[in-house]
Structure formats: structure tokens, C-alpha cells
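Next come the chains, spelled out residue by residue.
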Amino acid sequence: MGEWFLALEQSGLGEAMRGSSFLYPLANVMHIVGLCFFFGAIAIMDARLLGAFSGLALKPFIACWRRVAMAAFAIQVVSGFLLFSAEASAIVENPVFRNKMILIVLGLANVAAFELVTKREIAGADTGRPPLAARVSGAASLTIWTLVAVAGRLIAYF
Ligand code: HEM
């Protein structure tokens, strides 16, 4: 695997991300802007799952903000990959980066569990306080994605 990361770092993309005076900062700004939209959508969805905005029907509310979160997540993956490509062989050895990737997988598993299991227990036009499983999913989501952002910020310090 190590040679794959070295090949990425030494590729035309890796060299461009290191050599250009604006590509890396641009990818970093994209990553921060993506974070704002991603975290904003996640926080609003999880607030609803935890019982806020209880006058609004849960399923259509989540479906609407899920689309924003997915678009923002795509921005995070593209901009993150660009940042990663500049120093791939070193960053992949960074324990904070590795933990961040594990947390992202955990966050996605939590989304899958909600979409495939928990959501089925909720009636279509359900307003009011969500069932316990949905509240647990919301609390887990808020915790995991906050840790992803914290880990992202700490990458540069390790
Ligand atoms: C929802 C997903 C993600 C979130 C919330 C997130 C969040 C962050 C945050 C807050 C930073 C600090 C930015 C800064 O201080 O300038 C960061 C840095 C970073 N992220 Fe992500 N990230 C995500 C996904 C990814 C992915 C998928 C990758 C790689 C494939 C990635 C690679 C990086 C790298 C390499 C840095 C370090 C940049 C630097 O310090 O210059 N991120 N991330």
C-alpha cells in the first residue's frame, strides 16, 4: 500500500498541489467551506433527531437536509483528497489522520443504520419527539462528526 501513496504524492497531481502557490490554499478553503455546509446540515438534522423543531415532520425534514449533507460530503472527499495528495506518504502515517478516516467510516455506518433500520420505525408525517433509537443516532452523529472536524484540525500538529 505504501508505494501507492508514494506514487500519488509523486504524481502530476501531487506535484501540482505542492508546486502551485494557490492550489493547496484553494483546496484548504474548499475543505473549510465544505465543512461549514456539512456540519451545518448535520447539526440541524441531529437537533431534529434529538427532539428540536418537533413541530416539523421528521422524515421530510431529514430527507431535505440529508441532500445538503451529501453534497457537502462530496466536497470534503474531493478537497480532502487534493490536500492528501500533496504529502500522501507522510499523512497516511499520521495517527490523527488514520483516526479521522476511522471516524468517517463510523459516521457513515451510523447514517446507514439510521436509513436502513431506525427510519423504518418512524411514521411518515411523524412530528413530536423521535423514538429513542433516533435520538441515539442523532447524539452519535453529532459526536462522531465533531471528532472528525477536531481530528482534521489536529492533523497539522502531529
Ligand atoms: C466529513 C468529512 C470531513 C471533515 C468534516 C473534515 C474536516 C477537516 C478539518 C476541519 C480540517 C482542518 C482544516 C484546516 O485547519 O485548515 C481538515 C484537514 C484535513 N483533511 Fe479533512 N475533513 C473531512 C474529510 C476528509 C477526507 C475524506 C480527507 C482525505 C481523503 C481529508 C483530508 C484532510 C487533510 C489531509 C487535512 C490536513 C490539511 C492541512 O492541515 O493542511 N479530510 N479536515
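We now turn to the structure provided with this report. What you see is a predicted model, and the numbers here were worked out from it, not measured in a lab.

**Some thoughts on the overall build of the protein chain**
From N to C terminus, the protein chain includes seven helices and zero strands. Listing the helices and strands of the protein chain from first to last along the sequence gives α-α-α-α-α-α-α. With respect to the three principal axes, the spread of C-alpha positions in the protein chain is 55 × 25 × 25 Å. The 158 residues of the protein chain split such that 33% are buried. Once local pairs closer than 6 in sequence are excluded, the contacts in the protein chain between residues at least 24 apart make up 77%. Total accessible area on the protein chain is roughly 8800 Å²; 73% of this is exposed by carbon and sulfur atoms. The positive charge centre, built from 12 side chains, and the negative charge centre, built from 9, are 13 Å apart in the protein chain.

**Topic: the coordination of the iron atom of the ligand**
Those donors, His 31 (NE2) and Lys 100 (NZ), are the protein atoms that reach the iron atom of the ligand, and they lie 1.7 to 2.1 Å from it. Taken together, the six donor atoms coordinating the iron atom of the ligand span angles of 85 to 179° at the metal, a pattern that classifies the geometry as octahedral. Of this pair, His 31 sits in helix H3 (residues 23-49) while Lys 100 sits in helix H6 (residues 95-116), placing them 69 residues apart in sequence. For Lys 100, a relative accessible area of 11% corresponds to the buried category.

**Thoughts on the site of the ligand**
Taken together, 24 residues lie around the ligand, and Tyr 24, Asn 28, His 31, Lys 100 and Arg 153 are the ones closest in. One of the side-chain N or O atoms of Tyr 24 is found 2.6 Å from an oxygen atom in the ligand. Between the ligand and Asn 28, the relevant distance is 2.8 Å, taken from an oxygen atom to a side-chain nitrogen or oxygen of the residue. Of all the secondary structure elements, the ones that give two or more residues to the shell around the ligand are H3, helix H4 (58-86), H6 and helix H7 (132-154). When the residues that make up the shell around the ligand are grouped by side-chain class, the tally is 17 nonpolar, five polar and two charged.

**Notes on the packing of aromatic side chains**
With the rule as written, the count across this model stands at seven aromatic pairs. Ring centres of Phe 38 and Trp 145 lie 4.9 Å apart, and the angle between their planes is 80°; this geometry places the pair in the edge-to-face category. One end of the pair, Phe 38, is in helix H3; the other, Trp 145, is in helix H7, with 107 residues separating them in the sequence. Neither residue differs from the other here; Phe 38 and Trp 145 are each classed as buried.

**With respect to a nonpolar patch on the surface**
On the surface, Val 29, Val 33, Phe 37 and Val 68 cluster together into a nonpolar patch covering about 330 Å² of accessible area. Among the elements that line the nonpolar patch, the one with the most residues is H3, at three residues. Structurally, Phe 37 is set in helix H3.

**Describing the packing of H3 against H4**
Between H3 and H4, the shortest axis-to-axis distance is 8 Å and the interhelical angle comes to 155°. Between H3 and H4, the interaxial angle falls into the category roughly antiparallel. The chirality of how H3 crosses H4 is left-handed. For the contact of H3 with H4, the per-class residue count stands at 24 nonpolar, six polar and two charged.

**Focus: unusual backbone geometry**
The phi torsion at Phe 53 lies on the positive side, around 45°, for a residue other than glycine. With respect to the helices, strands and loops of the structure, Phe 53 is situated in the loop between H3 and H4. The class for Phe 53 is partly exposed, based on a relative accessible area of 42%.

**As for H3**
With 27 residues, H3 extends 38 Å from end C-alpha to end C-alpha; this agrees with the ideal 39 Å at 1.5 Å per step. Along H3, the residues classified as buried are Ala 27, His 31, Gly 34, Phe 38, Ala 41, Ile 42, Met 45, Asp 46, Arg 48 and Leu 49. Those residues of H3 hidden inside the fold are in contact with helix H2 (12-19), H4, H6 and H7. Note on H3: the residue one or two positions beyond its end, Gly 51, has a positive phi of about 115°.

Reading the values: the criteria
- Residues numbered from 1 in each chain as written.
- Predicted model: local features only at pLDDT ≥ 70, side-chain atom pairs only at ≥ 80, totals over all residues.
- Heavy atoms only, no water.
- Helix = DSSP H or I, 4+ residues; strand = E, 2+ residues; numbered from the N terminus.
- Buried < 20%, exposed > 50% of the residue type's maximum accessible area, 1.4 Å probe, protein only.
- Contact = heavy atoms within 4.5 Å.
- Areas by Shrake-Rupley, 256 points an atom, 1.4 Å probe, with all protein chains shown as cover.
- Lys, Arg positive; Asp, Glu negative; His and termini not counted.
- Charge placed at Lys NZ, Arg CZ, Asp CG, Glu CD.
- Donors = N, O, S within 2.8 Å, 3.2 Å for Na, K, Ca; no water.
- Tetrahedral: all angles 85-135°; square planar, octahedral: opposite > 155°, others 65-115°.
- Near = heavy atom within 4 Å.
- Polar contact = N/O pair within 3.5 Å; in protein donor to acceptor, adjacent residues only side chain to side chain.
- Nonpolar A, V, L, I, M, F, W, Y, C, P; charged D, E, K, R; others polar.
- Phe/Tyr/Trp six-rings, centres within 6.5 Å; stacked < 30°, edge-to-face > 60°.
- Patch = residues over 30% accessible without salt bridge, like charges linked within 9 Å, V, L, I, M, F, W, Y side chains within 5 Å.
- Salt bridge = Lys/Arg side-chain N within 4 Å of Asp/Glu carboxyl O.
- Axes fitted to C-alpha atoms, helices over the stretch in contact; angles between N-to-C directions.
- Parallel < 35°, antiparallel > 145°, perpendicular 65-115°, else oblique.
- Left-handed = near helix turned anticlockwise from the far one by under 90°.
- Expected span 1.5 Å × (residues − 1).

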